[in-house]
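Structure assessment
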Amino acid sequence: SKPVFSWQYVLVWFLAGVCMASPLSAQQRVIPLDKLQSGLDFSGAEVQSLQADEFANPGNIALDTGNKLWSKPDGKSNKSCQSCHGDISRMKGISVRYPAVDKVSKNLFNLEDRIRQCRTKNQKASEWPYESDELLAVSLAVTATSLGMPLQAQIEGAAKSHFENGQRIFMTRQGQMNLACTNCHDQHYGQKLYTDPLS
């Protein structure tokens, strides 16, 4: 029998070829970096007020726990964080430098990575899992000492490739919905996704 010719088949094969030949492309950033805002700026007045209240903020429970863990000896070394680093107030300016490249492993570390490494390497203690209450509490306590300081993470030198890779991922369409992070957070910031405003 004679094959059926259809322009629809031609169009489908043409589009499939274009898609296979064209890698997922990155887009241009809509918002300049100096115009970016904190996610807190997009929350309601009640949430902002609660965050600013040094007494009513529910995070203070974790902050108190973190300060206690800082001075609590642990692990085979029977040392506390304070044993090496001194009073937690001496951590001022530390958290704003992260993420940063670890000089030994050459891996990109955030503050939690550094705390976990210090705990296992120097305290000889069990590793705190990510998102564990203890890790979050100590991270908060360290971060709180730098309250109000601007971020100082380096994006040059050893960190440059990590920054560029993160920027590429943020700007590249992918997944079943063919969306990039930028499509929501840059192009539709301030608009609501269900009940939450996009930061």
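Residues numbered from 1 in each chain as written. Predicted model: local features only at pLDDT ≥ 70, side-chain atom pairs only at ≥ 80, totals over all residues. Heavy atoms only, no water.

Quick look at the side chain of threonine 145 now. Here threonine 145 shows up in the loop between α6 (133-144) and α7 (160-171). One polar contact links the side chain of threonine 145 to the main-chain amide nitrogen of lysine 92, over a distance of 3.4 Å. Separated by 2.6 Å, the side chain of threonine 145 and the backbone oxygen of valine 142 make a polar contact. The residues contacting threonine 145, other than those within four sequence positions of it, are Ile88, Ser89, Met91 and Lys92. (Helix = DSSP H or I, 4+ residues; strand = E, 2+ residues; numbered from the N terminus. Polar contact = N/O pair within 3.5 Å; in protein donor to acceptor, adjacent residues only side chain to side chain. Contact = heavy atoms within 4.5 Å.)

In this model, the protein carries an average pLDDT of 87, and 86% of its residues clear a pLDDT of 70 or more. Within the protein, the lowest mean pLDDT, 44, falls on helix α1 (residues 7-21), and the highest, 98, falls on α6. Low pLDDT, under 50, characterises residues 1-7; the predicted model gives this stretch one contact beyond four residues in sequence or across chains. When the criterion is pLDDT under 50, residues 9-24 qualifies, and its contacts beyond four places in sequence or with other chains add up to five contacts. (pLDDT = per-residue confidence, 0-100.)

Our focus in this paragraph is the packing of helix α5 (residues 111-121) against α6. Following both chains from N to C, one finds α5 and α6 inclined at 115°, their axes separated by 10 Å at the closest point. Comparing their axes, α6 and α5 come out roughly perpendicular. When you trace α5 past α6, the crossing you get is right-handed. Residues Leu111, Glu112, Ile115 and Arg116 of α5 touch α6, and the partners they reach there are Leu135, Val138, Ser139, Val142 and Thr143. Of the residues that constitute the contact of α5 with α6, the class distribution is five nonpolar, two polar and two charged. (Axes fitted to C-alpha atoms, helices over the stretch in contact; angles between N-to-C directions. Parallel < 35°, antiparallel > 145°, perpendicular 65-115°, else oblique. Left-handed = near helix turned anticlockwise from the far one by under 90°. Nonpolar A, V, L, I, M, F, W, Y, C, P; charged D, E, K, R; others polar.)

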